[in-house]
Every structure is written in structure tokens, then in C-alpha cells.
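# What the coordinates show
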Amino acid sequence: MRLRTPEHMVTFTFDGKPVQGIPGEPVAAALLAHGQKLVARSFKYHRPRGIMSAGSEEQNALVTVGRGAQTEPNVRATILEVSEGLEVFSQNAWPSLKYDMMAVNDLIAPFLGAGFYYKTFMWPKAFWEKLYEPVIRRAAGLGGLSGQTNPDQYEKAFGFCDILIVGAGPAGLMAARTAGRAGADVVLADEDTAMGGRLLREVEEVDGTAGTEWVATVLDELAAMDNVRLMTRTTVTGAYDQGTYAALERVVGKDGPLECFWRIVAKRTILCAGALERPIAFPNNERPGIMMASAVRSYVNRWGVAPGKAVTIFGNNDDAHRTAHDLVAAGVKVAALIDSRDDVEATGDFPIYTGARVVATKGRHALEAITVSHDGGTRDIRTDCLAMSGGWNPTVHLTCHMNGRPAWREDIASFVPTPDSIPGMVAAGACNGTFSTAACLNEGAQVAAEVAGGLGLEPRVTVPAAEDRTYRIMPLWAVPGKGRKWIDFQNDVHVKDIKLAAQENFRSVEHMKRYTTQGMAPDQGKSSNVVALAVLADATGRGIPETGTTTFRPPYVPVPIAAMGAGSQGKGFAPERLTTSHKVTVAQAAPMIEAGLWYRPSYFPKPGETHWRQSCDREVGFVRNAVGVCDVSTLGKIDIQGPDAAALLDFVYANTFSTLKRGKVRYGLMLREDGHVMDDGTTARLGDQHFVMTTTTAAAGLVMRHLEFVLQVLRPDLDARVMSVTEQWAQFAVAGPKARALLNTVLDREITNDDWPFMACGPVGVAGVAGRLFRISFSGEHAYEVAVPARFGESLFRLLVTQAEMLGGGAYGMEALNVLRIEKGFITHAEIHGRTTALDIGMDRMVSLKKDCVGQAASRRPGLLDEDREQLVGLKPVGAVKQLTAGAHLFEQRAEAVRANGQGYVTSVCYSPTLQTNLGLAFLKGGRARHGEVVQMVDHLRGITAQVTVCDPVFFDPDGGRARG
Amino acid sequence: MRLTCPNCGERDRREFYYYGDAIALRRPAPDAVPEAWDDYLHNRKNPAGDTTDLWFHEAGCGAWLVVDRNTVTHAVHGATLAEKAKR
Amino acid sequence: MVRLLAITPCAGLLPLDVGNVSLREVVVDRMVSVAPFVGQEKAVSAALKDQIGVGLAPKNRAMAKGGAGVQWFGHGIWLVRGQVALEGLAAVTDQSDAWAVIRIQGAAVEDVLARLVPIDLRAEGFKKGHTARTMLGHMSVAITRVGGQAFEIMAMRSMAGTLVHELEVAMRGVAARSNF
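Residues numbered from 1 in each chain as written. Chains lettered and ligands numbered in written order. Predicted model: local features only at pLDDT ≥ 70, side-chain atom pairs only at ≥ 80, totals over all residues. Heavy atoms only, no water.

## Some words on the overall build of chain C
- A tally of helices and strands in chain C yields 3 helices and 11 strands.
- Of the regular secondary structure in chain C, the N- to C-terminal order runs β-β-β-α-β-β-β-β-β-α-β-β-β-α.
- Relative to its length of 180 residues, chain C is compact, with a C-alpha radius of gyration of 17 Å against a globular reference of 16 Å.
- For chain C, the proportion of its 180 residues judged to be buried stands at 58%.
- In chain C, the share of contacts with a sequence separation of at least 24, taken over all contacts with a separation of at least 6, comes to 62%.
- Of the accessible surface of chain C, which amounts to about 7000 Å², a share of 53% is contributed by carbon and sulfur atoms. (Helix = DSSP H or I, 4+ residues; strand = E, 2+ residues; numbered from the N terminus. Rg over C-alpha atoms; globule rule 2.2 N^0.38 Å. Buried < 20%, exposed > 50% of the residue type's maximum accessible area, 1.4 Å probe, protein only. Contact = heavy atoms within 4.5 Å. Areas by Shrake-Rupley, 256 points an atom, 1.4 Å probe, with all protein chains shown as cover.)

Here's what the structure looks like:
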């Protein structure tokens, strides 16, 4: 029922039925105004549940929003804002909210108590995964995901400030005003749609004016300050190291992100997070219509909605009275005020019962009546809404995120933050156990003044007058009586469950939590925690401080993974590195494969080719018989200069580079300090103190980091500088018997075998552009790599391919490149995979003993010199089965193919069109001495067994004459 | 977590590559006994408390840093350039 | 005679305008990295000042004069726009084609960058001429404030597409907000 006539209403739907609401108000308010008491079914027993709170702590009113791929489950109706056309669905009920078949769980509830799963579904073990878990998951649950890709957008953002103020109630507003006026750079974050905290929800005066008016004035002032940023709808969800905080912002806007996940770095933080009202565990205290007293005041005072026609109030503190008076003032009938305390003076034009308890409630789908025990007797009262208040829990959560433990305060029967639990954070106001408005205003201002002062500012404190009631409470946790006394509404945990946990010796609060699941639901026990541990304390005969709390961990409210991972979906997952020839390559329908972050062509299909092998074989033929062109720009290129450039290379390579002549290229092998191979590549000497190193594509970043490590950590005595030039140069391999013929069509000056012999390098003019030429070969053919500044890359690639085609060749991709190198026994990271040594790959003689280098000492460890280690060999099929597979294992011919008999494994395979056979590279125990032996290759995964003969890994042109020709 | 780079100032942990214990600064001589190399390469303490390790400001200025921090409190005491560290 | 066509890193990707933020390619003709050898920083700075009118910028700063500019680019390294000869004083490498350089400008530019860059770019601390090596999304970049509401961003040339894509997503997200 609405208490005020709204100016503008829109229509949304709840379970398909239209409901009117004011744009921006919580869906919960609109449902209450609509008279919709039943909004959800509980997690385990499918009990009918209604709206309980008016904030993010809501335990019952979890709903699903939207449909299809955009479905969002477990949204709290108390913070979901009404908008035109919004589709809201109840969850955890079938076929309907009112007639939920799974409510049968409630009838067998005595069997479903705490620990039920652990005790019942013990065996047979195999049933757990197939039967028990799926059934339980379906029966007990929250909303479901759509299973489709979420098309909604999310965002993440980074924020920085001097002072982060968490919560904009009276303390937070005063803190912001004080710090803001002092000139501090302030972020004020509040999870509500509007700032003001309880001042928006209570009837009281501040500074001689209505609280809401005072809030508006302060907000106007703050909004006008350039140094203050106001973030509404923003929940600070976690406190992390070095002043980093996470915050989730619900974004308002069209076609934009739904939520933004902030990382806010603050020099100081003032926690003004307020307090949460806690329930009382009386029998059947969770029927729809029973809600928190503060929530009732929120709906009446802020949203103009009466949650009932005849409201009863049950509390153990003065807020119960405040609720009654607010209702009367709003014109809502108060059916009774029940105060558990004996010694209170209460006035009001409604029945008042002091020293009384609610001992029973009635009404299946909505509250109809309650029974009050009073003065030795009981009395039934008809009511459709019961407001309860068990007192207030300071919102200490953030102070516990770095292992802080809150301290018990007897006078307010609550936990308060332990100072300095989070470096740089101070608590003020209700979250610090300071409950009156006047005290909150004052503490917010004082704390902000101290914090701002600590930052070198000169704040001044002025505090407005406000009400300063004393908070009087007599703890009341549970009321005895027939029926379940619910504590954790969201996880269906009641008093008996906790007593059972204690009885079964789960006496530690952390054990009780796991055993009963209390506090494990999306709300993480915000409302239930203190009641639960009070009951546990009672059951175990300990005090509450000794019992302690469970650990509050981030996030304070549920954070969608989509928000945390915002920007990392799809293209955001990793940068795409595209070569200068990318566009041309894709235009030729070449399938691209990833190499690190790079995209490279697998092959260039020609009309009529239906299988990649046809394209690959043709491209191999280009290189072996004519000329092929391949973009090799992705290989790491590192420019090395300085007086000690050669010394640096001698130190990072196993072999020697200081002897390399200017204008020459040498193959280099790089070791890790533990003696295993890190990477390989060629390095060219362009000048006395100038080299260009190439690395493999995948290891470019690793090698760059390693070189900086050597220069800064291991050998700061070396005067050399390294700089990546990978991106500067577009580089293309031109390989094949006609390579020189092709190059001579594009080079400004013709080259010959005499002035550009094998392993020569130097500057050249390429179609009028200053470039570099390296005579190196990864195919075993007469080959070059030609480089030009990247801006000319696409143009040169087009030119080279056109010329190659005229010579009977063309572009080749990664598949052909791989075949060409396997035919030659050249290694890649398939072979130097991190566990192989120079000896394993037959390059042990490259490890110079005349100088120190990274990895040299460790490479001489006895275990790495064992002749029985797995060594690089070639394989060829000799039996009926011709197929070889990478990853297959090797065994002696008649040995059983089990791990104990393993002799090695296959690393690379291909079909060689040149040799008309399948080829494999493999590591085989003592392999170099076993050339000629036949072993069996077994691929257990694909079920392939082949007989293979072991041979030298260089299958083609073993004397290397073709590359030198 | 945030580290203060001597070049760039305070930065988010995501910009840094973690290497490991600062023992890397004290590389044994090439002819050191195998045990010395074994310690250098493999043997690490796992302190609950203060520790000194190497980080690389890879997505920043490219400096290798020696960082003093506490594994229990997560406090970061400071960072210096590795090239200027005592060996 | 140059017979090859020059293509800029962001060709086909820019310009782009979303809301009040614009993205434009900055075409760089000549740019080199300068890493002074041990003990040569002063000499390099003097030589640069002599040759292009600007010496080595302090850490995290970029300086420009005429068409030339010197930008701190990391630990012991600077980027210099202009023709320089520093033989024996510093390692000099050609970087003219290595970087996609863009200028992003507009009223909400700091809000856009706050979605991608994990450092504090607010005007009070990051003034005109301030530069930083940091990240943009997953990419390593250099960011320089070149005006009250304008930044220049450099990312690896091969990542130009991702750079523009990331910025476009952030620009659209910010523009869609009703509270900006």
C-alpha cells in the first residue's frame, strides 16, 4: 500500500504479471506496495519467504532478472531498481512460487538437518556424482545461469584518491565534508542509489532541519567541490594490500556496462559503513511479512510504502518504539509493540507488551497472526507484518579482510572493529559502534580531521546539532518455543542446527559454519552471524568473545565474475599481434594460427586444394625446387650495442660470439642457469660493438627479460645496452634454389655468392629502401632473410610473393616451414622444451669451456652428462603403420608399452614430400648410439602403434651443401 | 599489492614480474663447488616474515628491483635498483 | 627511388570519435631509442641539446622543442624524435616504425583511460609533459600528457588493432553513462 500518490509510475513484471512501480525505487518497495508478500522460496526447505530488509544484506528476496542469455540470477530485490519493462522472476520454485512442488522438502525437514548430506549420501560412492549431487543441486539452490554467453557489458576501472570514505551516512557525509573542505582529494562511495544512509530513512532533525534536507545541503556542497568525487550505487567490496580497495558500481546508462569493478587506491580510508540490524530467532520467525524493523521504517519513511495494514513490532531495544511511532505518524495501524525488556517506559496509542516475547506465528504464504507470551500467559494478535529488531551489528567486514579480528563490546552486545586492522583505515560512526546520530556526525568529522591532518592538511571541525539518544539493548538471541527458530534465512539454518553442531562437537565457530552452512550463502551471514555464534556460545557454555566470529572475507557483496574479468573477454583476453603482411595473407584465405600473441598463416590454399596437406606439400616444393617467401617478422630481434656487447653475448650464449667477424651471422645456443636449453637463434654482427640477436617467436619476451636480468642483476659491470627492434623491422625469409634470383629483382644492387656467402649479413637497398640482408637458412636451402622498416613490410611482401610466383614459387606458411625444418633436423621449442640439455640435442660441443656463461657450471652436473639420457634422434616408419604422432612414446620392440619400459618420446612429426615418407624427431635413451635400431612407437591416446627405425635427425642434405650453394 | 619502483613510483603489482629470492644477486664463481651451485639454483628458505626478492618492472620501465617485504603482514618496506645492489 | 609503399601502423583503424573523445593517429617520421653507455648520460644530454635543442628528459618526463622531442622511455633509455648522431656515447636504434602512436583527446579522456590504465593520470599529479611506462589493458605502453585533455599513447606497432579496439570499448562505455 502506498502512503503517498506517486507522480509517475512505470510497469514491470514479476513472474509475468504486471506490477506498477516508481522508476528508481527498489523492486522490493514496489512489490510491497503491490501487496506481493510471497517473493521467494528458501534454499533448502523451499519455505515461502518475503522481503526481509531494505538493503544489500537481503537474505530472502533473491530474484532472477531478464531472460535468455541476459538472465541474471540471485539479484536482491531490495537493491534492484524499478524500470519500465523490467522482467523479474522468482527462483527456486516449481511450477510456481505459490505451489512449489519442492516444498515437500519442508515436510521431511526433520531428516534434512545440519550435516544431512554428509551423513546420508555416504555410499555407494559412485552415486554421489551421478545421482545425489545433481538431485540435491536441483532441489536446493539459487537462481540458475542461462548457460549462454553473456552479451552484457561490464567494465573495470582504476581510481586514486587521498581519502576513500566508505559509506555516506551521517558519519561518512561529515567525514567527506570535513576532508573536502580541507582540500583533500576524496572519493565518497555509497552502495545506495542516494547518499544519506539512515538519514534518508529516519524521521529526525539535523542542524535544526529535516535530516533529508541536511543531507541535500551537504551533498550540494560536496558536488560543488572539484576535489570530491561522489560514487553512488558503489559498494566497496574488499580491502587489499597497500591501500587498494575493490568496489562494485552499478552503472546507470543506456547501452553501456551494467557494472563497473573498481580498484581504488587510497592513501587513507575512513570506514563509515554503518550497521546492520539483526533478527531474533523466535519460532517461525521467517514467514512472509516478518521483516526487520529498520526495513519497515525505510519503506514507510523513504519509499512511502506501508509493508502491512496492521503492523506488530518485536524488539529488544529502543528502535522498536521508534518504528511504532513512525508508523503511527504515517497513518499505519500498529497492532502491538512487544518489547522483550521489562524495565522500559513506553508510550503510544497502541497495545504495548513489555517483558514479552513472540512465541509463535501463523500464515502459510503470508503472516496472519502472532502469539505473544506475556505476563505468564499468551495472546494471539492478528497482524500481516511483524517488524523485528534484535539490535545492531556494526558493519565491520572490511576491517577483517586482512586477518583482523573484531572485538566484542558488551554494552552494545556487538562486535566492533579492532583499530589498525587495515593499514591506513579508520572506522567512524555506527560501524565503529557509535550509534546516535549526533555521535556519528561528530565522529565522522573528528576522524576525517585527524586523517586529513595526517596528510598535511589543516582541517576545521564543525558539527551540527542532532539527536543523541542512548542505545539501550538487552541481548535477546533466541526465544524458546515450538517450531523452527531461523537464524540464517538464506541458507535455512535454525537454532537446532547450531545446537546439533555443538552436540556433535563442532564447537569451533569455523567448524559450526561448515557443518551447518550458516553464513555461507551469498549474504555471507551479514545478518545471521552474531545470532548464530551467540547460540553456539550458549550451547557450548562459553561467552561470545571466546566463541569469536568466523572470518569475513572479500567480497562484501557478491561480485559477478563478469565484472572482475571485464575487458578480458573475446578480443580483450590477450592482445593480437599482427604482422605487416597480415592483411594480404588473410585476403588469400590463409588460416591463421597463434604463435604466442602473434598470428601467422598455416598455409596459403590454392583453388582446387581440398586438404591442408596438399597446400603444405606444394609450399615445401616451392622452397626445395624454386623459391618460397615467408614472413618471419615474429622472431624476436634484439639490438645489442656497447663496448661490452660481445662480452655480453659470450656470457649469455653457450658458444662464443666475440670471435664473430663483422658482417657475419652465427647460430647461438642459450642456456638457463640450471644448464638446460633456454632458446636458440642467430646473432649477426653489424659492427664492432653492434649485434642483432634473433630469438624464437615464443621466447622473445623471455629472452629480453633474461638479457636485462644479466645486465642488471648478474653482470652490471658490462657496458652494453639491449633494445627490442622486433617491431621496427618487417623481415621475410626468401628460401630456395632461386632465392638469389628473386632477391636480385628487388635489391638495389645485385648480390653474388662471393659477396654474400652463407652466414653473411649487412645493409642493402631494397627497392629503394634501406634494409638489411642475412644469409641464413631454416630450411636447409639457399636462403636469405631480408628486412625493411615495418612501414614498407606489406609492400615488400606483395612484391616478393609476386616475384616468387613468377619464378615458380610463392608464399609458404607455418606447416611448410615445419616440414622443411624437420627434414633438416632443426629444433624448435618442441625439442628445447625446458627439460633438454645441449648434450641431449647433440650440441654439447657448442658449450665453450674457455669462458663463463649462464648455465655452463650447472650443465656439467653429472646427471646432465649421463650417456643414457634421452637424446635427439630421427625416426622413420618401417612397418605397415606409417603414421607417426608427436607425443607418442617409444619402447623396445618386444617390450610391453608401459611407463616402466619407456625409452623416450616423439616431439615433432611430418610427412616429407621431399623424401616421400613420414618423419619424426624424438628423444630416445642413449639414442645417438642406436641409429639403425627398430623400436616401437606407441600413441596410447590415439591407439597407434608403429615400428620405426632410429636414424640421424638430419634427414635431408646432411652435408648442408644446398644452403651454401 | 603495490610496489614502489625507484624510477616510476608506486605501481600496481600487475606491472611486475616476480622472479624469486634475491640470492640471484650472489652468483657463485664458475668453479665453485657443486653444493654452492645447488644452493644458488635450488635451495630456498620459505620465510614467514621479512624476505628480500627480485622483481622485474616488465610492464613499466624495465628495471630489475630488489624488494624487501614481509610475507606475513604483506608490508612492502622498499625497493631498490638491482644494478646498484651490493653483491 | 623508393618503390615500396609506406603504411602507417593505424592505417584503416583511425580516426575515431565517440562521445566527446577523439582518437587520431600521430604519424612519426623519425624516432630513435637512445640508451647512454656507462657514465655518458651528461655527454649524451649535451650532444642532444646541441643537435636538436633538447637534452635528456628527467625520469617520467617528455620534452619537446620545435619538431624534436625527447621522452624518457624506461630504465636508462629515451626516445628521441629527430636526427641524432651519438656514436660511442649511446646505443641508438631506429624505432621509427616500431610504435603505433595515437593521440586521445576530449573532456572524458581521463575517465576513458581510467578503464584501461592502472596508474593515476589525474591532472593534479600527471601534468603536461609527464610520461609513464605502464600498461593499457594487457599491453605495455608509454603514455604522455600532451594537453589539458589530451594524451599521446605508444604501443607496439603489431598491437595497433588491439590498442584501438580497447580504447574504443572504453570510450563507448564511458559515453553510455548518463552521469558523465
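## Quick notes on the interface of chain A and chain B
- Taken together, the contacts link 27 residues of chain A with 27 residues of chain B.
- In total, about 2200 Å² of surface goes out of reach between chain A and chain B, with carbon and sulfur atoms giving 54% of it.
- Summed over the three residues of chain A that lose the most area to chain B, namely A:Gln242, A:Arg705 and A:Gln712, the buried surface amounts to 30% of that side.
- Linking chain A with chain B are 3 salt bridges, by the criterion used here.
- Counting across the chain A and chain B interface gives 11 residue pairs in polar contact (both at pLDDT 80 or more).
- For the side of chain A that touches chain B, the secondary-structure elements that each account for two or more residues are β8 (154-166), β15 (259-271), α18 (700-714) and α22 (856-859) of chain A.
- A total of 7 residues in the side of chain A that touches chain B trace back to one element, the largest contributor, which is α18(A). (Buried area = accessible area lost by both parts, 1.4 Å probe. Salt bridge = Lys/Arg side-chain N within 4 Å of Asp/Glu carboxyl O. Polar contact = N/O pair within 3.5 Å; in protein donor to acceptor, adjacent residues only side chain to side chain.)

## Structural notes on the sheet that holds strand β5 (residues 64-70) of chain B
- The 4 strands are arranged β3-β4-β5-β6 (chain B) in an open sheet whose pairing can be described as antiparallel. Where the open sheet ends on each side, the last strands, each with one partner, are β3 (17-21) and β6 (76-81) of chain B. The mean inter-strand angle of the sheet, taken between neighbouring strand axes irrespective of direction, is 30°.
- Across 5 bridges, β5(B) lies against β6(B) in antiparallel orientation. Following the sheet pairing, B:Arg69 is matched in β6(B) by B:Val76.
- In the packing of α18(A) onto the sheet, the strands contacted are β3, β4 (50-56) and β5 of chain B, and the crossing angle to β5(B) comes to about 80°. (Pairing = 2+ DSSP bridges. Axes fitted to C-alpha atoms, helices over the stretch in contact; angles between N-to-C directions.)

## Let's talk about the packing of aromatic side chains
All names here are of chain A.
- With the rule as written, the count across this model stands at 18 aromatic pairs over all chains.
- Between phenylalanine 506 and tyrosine 515 the ring centres are 4.1 Å apart and the planes differ by 15°, which places this aromatic pair in the stacked class.
- Since its relative accessible area comes to 27%, phenylalanine 506 is described here as partly exposed.
- A cation sits over an aromatic face here: arginine 484 above tyrosine 45, 5.1 Å from the ring centre.
- One residue, arginine 715, lies across the ring of phenylalanine 651, its end atom 4.9 Å from the ring centre. (Phe/Tyr/Trp six-rings, centres within 6.5 Å; stacked < 30°, edge-to-face > 60°. Lys NZ or Arg CZ within 6 Å of the ring centre and 35° of its normal.)

## Description of the pattern of salt bridges
- Enumeration according to the criterion identifies 61 salt bridges over all chains in this entry.
- In this structure, A:Asp617 and A:Arg613 form a salt bridge, with 3.4 Å as the shortest nitrogen-oxygen distance. In this pair, A:Asp617 and A:Arg613 are both assigned in helix α16 (residues 612-625), 4 residues apart and thus about one turn of the helix distant.
- Between C:Asp94 and C:Arg30 there is a salt bridge; the shortest N-O distance is 3.6 Å. Linking C:Asp94 in strand β7 (residues 90-94) with C:Arg30 in the loop between β2 (21-25) and β3 (31-36), this pair joins segments that are 64 residues apart in sequence.
- Shared partners join several salt bridges into a network, and the residues in it are A:Arg198, A:Glu202, A:Glu204, A:Arg297, A:Asp319, A:Arg322, A:Glu467 and A:Arg469.

## Quick word on the sheet that holds strand β37 (residues 690-695) of chain A
Residues and elements named next belong to chain A.
- The sheet built from 5 strands is open, its strands ordered β35-β36-β37-β34-β38 with antiparallel pairing. The sheet terminates laterally at β35 (665-671) and β38 (721-724), the two strands that pair on one side only. When strand polarity is set aside, the average angle formed by the axes of neighbouring strands in this sheet is 30°.
- Where β35 lies against strand β36 (residues 677-687), 7 bridges are found, and the strand directions are antiparallel. Its bridge partner being in β36, leucine 669 is matched across the sheet by aspartate 680.
- Its contacts with the sheet put helix α17 (residues 645-652) on β34 (636-641), β35, β36, β37 and β38, and the angle it makes with β37 is roughly 30°.
- Each of β34, β35, β36, β37 and β38 touches α18; the most contacted strand, β38, lies at about 165° to it.

## Side note on the pairing of strand β44 (residues 870-877) of chain A
Residue and element names in this part refer to chain A.
- Along β44, 6 of the 8 residues are buried, which leaves the element largely enclosed by surrounding structure.
- Strand direction decides the pairing type here: β44 and strand β47 (residues 917-925), joined by 6 bridges, are antiparallel. Across the sheet, residue glutamine 871 finds its bridge partner in β47, namely leucine 924.
- As judged from the 4 bridges shared by β44 and strand β49 (residues 944-951), these two strands associate in the antiparallel manner.

## Quick notes on a nonpolar patch on the surface
- A cluster of nonpolar side chains, namely A:Val104, A:Leu107 and A:Ile108, defines an oily patch on the protein surface of about 290 Å² accessible area.
- Position of A:Leu107 relative to the elements: it lies in helix α2 (residues 104-107). (Patch = residues over 30% accessible without salt bridge, like charges linked within 9 Å, V, L, I, M, F, W, Y side chains within 5 Å.)

## A short note on the interface of chain C and chain A
- Taken together, the contacts link 50 residues of chain C with 59 residues of chain A.
- Summed over both sides, the interface of chain C with chain A buries roughly 4100 Å², with 55% coming from carbon and sulfur.
- Ranking the residues of chain C by area buried against chain A places C:Leu4, C:Asp97 and C:Ser158 at the top, with a combined share of 16%.
- Our enumeration of links across chain C and chain A arrives at 27 residue pairs in polar contact (both at pLDDT 80 or more).
- Of all the secondary structure elements, the ones that give two or more residues to the side of chain C that touches chain A are β3, β7 and α3 (160-176) of chain C.
- Looking at which element gives the most residues to the side of chain C that touches chain A, the answer is α3(C), with 6 residues.
- Of the residues that constitute the side of chain C that touches chain A, the class distribution is 27 nonpolar, 12 polar and 11 charged. (Nonpolar A, V, L, I, M, F, W, Y, C, P; charged D, E, K, R; others polar.)

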